[in-house]
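Observations on the three-dimensional arrangement
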Amino acid sequence: MSREIFSQLGEDGGELSMNVEFYRHGLGAEEAESVARCLQGVFLTAGPLTRRFEEEFAGYLQIPYVIGTYSCTSALFLCLKALGIGRGDEVITTPMTFIATANAVLEAGARPVFVDVEPLTGNLDAELLEAAVSERTRAIIPVHLYGHPCDMKAIRRIADKRGLKVIEDAAHCVEGARDGIRPGQLADAACFSFYATKALTSGEGGAIATRHEDLAERLRLLRSHGMNKEAADRYTDRYRHWDMVCLGYKANMFDIQAALLLPQLRAIEQRWRRREEIACRYQQAFAAAGIDFPGTVPKTKHARHLFTIRVDPAMRDELLLHLQESGIGVAVNYRAVHLLSYYRERFGYRQGCYPVAERIGASTLSLPLYPGMSDGDVDTVITAVLSFFR
Ligand SMILES: *Cc1c(COP(=O)(O)O)cnc(C)c1O
């Protein structure tokens, strides 16, 4: 179905017609039925399905509290606010991420401070972390890049020693684990994204997982105007006046999102296994051809959100175009955040500030990776990449 629509767009809308799209969601009959059932009820906004998703997601993650949000960006922002982080504070994060990570810090009024990344995984280098801590530092936001978990034990150890909070950007890492530790289990909170191209998706959506009841309570207030009752309570309880007890925001998940997410959550491990198979097929082919890709450390379950290769920066953009012309969807995750115009101009960053992140940013290229790909699709991608080097 989505393939037909896409090729139609190719004819009528002038878009490139693809052999293998970069991403195709796996939403189908179950999700459609789930949304139809939601529409038969009274709740469109945060109601019983949002609650059920929060409970089931908490069960999956083995974390006591989950708070559904409108996006991962709003989840990160709410965590900073809930932890009292703002003007005059510094938050340490990685330049090898999507801009939302650092932007959320700016939106909260604090200053993002970058730390360079490890060459193997592209994750924030825990060995460089402590040198970046100042007396203004309040928190660390590690990002589990492409789904490879950061070294949370090392990060937690430094955070505890220096009295810092840890907020995980787990937008890429719902299924991942390292040293037996999953997102949210060592951090103060972990933030997830259900954006259109993520492993679980409702088009837009997000969630926060936390072990701390008081933080969960505060996050629930902040996502809903600072009101002490949410929509579902106002509807189902006997009428009582609600109060506004703090300055909150508008960032709640709503039931149509939850209706889309619930069936996917029940199939999450099966979908992950297919991505793992595809990643292995890529790795075998590219290792044999001498093409570089990020590594995985021992005792790690990689969530396999993205599969990237790394090529000579002088050839990267040419390879991108070659793949696109062969009908293969591609992306770049990511050009280093500190080198983007806004960050350069506002903070004076330049080439050379974070050399490992810069090198990855100049050489990386993402290939299609989603459960709906057939082995034939994977081979089409591999053949197209190899044909460039021949
Ligand atoms: C997608 C993404 C986000 C933002 O997620 P939204 O749900 O779109 O706000 C944040 N961080 C990373 C690493 C992401 O990939």
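Residues numbered from 1 in each chain as written. Predicted model: local features only at pLDDT ≥ 70, side-chain atom pairs only at ≥ 80, totals over all residues. Heavy atoms only, no water.

With respect to the site of the ligand
Around the ligand there are 16 residues in total, and Thr73, Asp169, His172, Ser193 and Lys198 lie nearest to it. Measuring from an oxygen atom of the ligand, one finds a side-chain N or O atom of His172 at 2.7 Å. One nitrogen or oxygen atom from the side chain of Lys198 is found 3.2 Å from an oxygen atom belonging to the ligand. Burial of the ligand by the protein amounts to 94% of the accessible area it has alone, namely 380 Å². Taken together, the elements giving at least two residues each to the shell around the ligand come down to helix H4 (72–82) and helix H5 (99–107). Classifying every residue of the shell around the ligand by side-chain character gives seven nonpolar, seven polar and two charged. (Near = heavy atom within 4 Å. Polar contact = N/O pair within 3.5 Å; in protein donor to acceptor, adjacent residues only side chain to side chain. Areas by Shrake-Rupley, 256 points an atom, 1.4 Å probe, with all protein chains shown as cover. Helix = DSSP H or I, 4+ residues; strand = E, 2+ residues; numbered from the N terminus. Nonpolar A, V, L, I, M, F, W, Y, C, P; charged D, E, K, R; others polar.)

Comments concerning unusual backbone geometry
Tyr334 follows Asn333 through a cis peptide bond whose omega is 5°. With respect to the secondary-structure elements, Tyr334 resides in the loop between helix H12 (313–325) and helix H13 (341–347). A positive phi angle, close to 60°, is found at Gln62, a residue other than glycine. Within the secondary structure, Gln62 sits in the loop between helix H3 (48–61) and strand E1 (65–69). The backbone of Asp179 shows a phi angle near 55°, a positive value even though the residue is not glycine.

Re the pattern of salt bridges
Across all of its chains, the model carries 19 salt bridges by this definition. Lys299 serves as the salt-bridge partner of Asp179, at 3.8 Å between the closest nitrogen and oxygen. You can see Asp179 sitting in the loop between strand E6 (177–178) and strand E7 (189–193) and its partner Lys299 sitting in the loop between helix H11 (268–288) and strand E9 (300–301), a full 120 residues away along the chain. On the basis of relative accessible area, Asp179 is assigned to the partly exposed category, the value being 27%. The salt bridge partner of Arg281 is Asp375, with a shortest N-O separation of 3.6 Å. Of this pair, Arg281 sits in helix H11 while Asp375 sits in helix H15 (residues 375–389), placing them 94 residues apart in sequence. Residue classification places Arg281 among the partly exposed positions, given a relative accessible area of 31%. By sharing partners, the salt bridges in this structure join Arg274, Glu277, Arg281, Asp375 and Asp379 into a single network. (Salt bridge = Lys/Arg side-chain N within 4 Å of Asp/Glu carboxyl O. Buried < 20%, exposed > 50% of the residue type's maximum accessible area, 1.4 Å probe, protein only.)

Focus: helix H8 (residues 213–222)
Think of an α-helix as turning once every 3.6 residues; residues three or four places apart then point the same way. Leu215, Ala216, Leu219, Leu221 and Leu222 are the residues of H8 that are buried. Where H8 is buried, its residues touch E1, H4, E7 and strand E8 (206–210). (Contact = heavy atoms within 4.5 Å.)

Some details on the packing of H11 against H15
In contact at an axis separation of 10 Å, H11 and H15 are set at 30° when each is read in the N-to-C sense. Viewed along their axes, H11 and H15 adopt a mutual orientation that is roughly parallel. As H11 runs across H15, the sense of the crossing is right-handed. Here H11 contributes Arg274, Ile278, Arg281, Tyr282, Ala285 and Phe286 to the contact with H15, which in turn contributes Asp375, Val378, Asp379, Val381, Ile382, Val385 and Leu386. Split by residue class, the contact of H11 with H15 holds nine nonpolar, no polar and four charged. (Axes fitted to C-alpha atoms, helices over the stretch in contact; angles between N-to-C directions. Parallel < 35°, antiparallel > 145°, perpendicular 65-115°, else oblique. Left-handed = near helix turned anticlockwise from the far one by under 90°.)

Points about the pairing of E8
Burial of E8 is extensive: five of the five residues sit out of reach of the surface. Residues Gly206, Ile208 and Thr210 line one face of E8 and the alternating positions Ala207 and Ala209 line the opposite face, and both faces are buried. Bridging between E1 and E8 involves five bridges; their strand directions are antiparallel. If you follow Tyr65 over to E8, its bridge partner there is Thr210. Pairing of E7 with E8, which is carried by four bridges, proceeds in the antiparallel orientation. Looking at E8, one finds that Ser193 is bridged to Gly206. (Pairing = 2+ DSSP bridges.)

Details of the packing of aromatic side chains
Scanning the entire structure with this criterion turns up 19 aromatic pairs. When the ring of Phe57 is compared with that of Phe194, the centres are 5.7 Å apart and the planes differ by 75°; the resulting orientation is edge-to-face. Taken together, the residues Phe57 in helix H3 and Phe194 in the loop between E7 and E8 connect sequence positions 137 residues apart. Looking at Phe57, the relative accessible area reads 0%, which means it is buried. Since its relative accessible area comes to 0%, Phe194 is described here as buried. On the basis of an interplanar angle of 80° and a centroid distance of 4.9 Å, the ring pair of Phe77 and Tyr249 is categorised as edge-to-face. With Phe77 in helix H4 and Tyr249 in the loop between helix H9 (231–236) and helix H10 (255–266), this pair connects stretches of sequence that are 172 residues apart. Connected via pairs of aromatic rings, a cluster forms that spans Phe114, Tyr342, Tyr343, Phe347, Tyr349 and Tyr354. (Phe/Tyr/Trp six-rings, centres within 6.5 Å; stacked < 30°, edge-to-face > 60°.)

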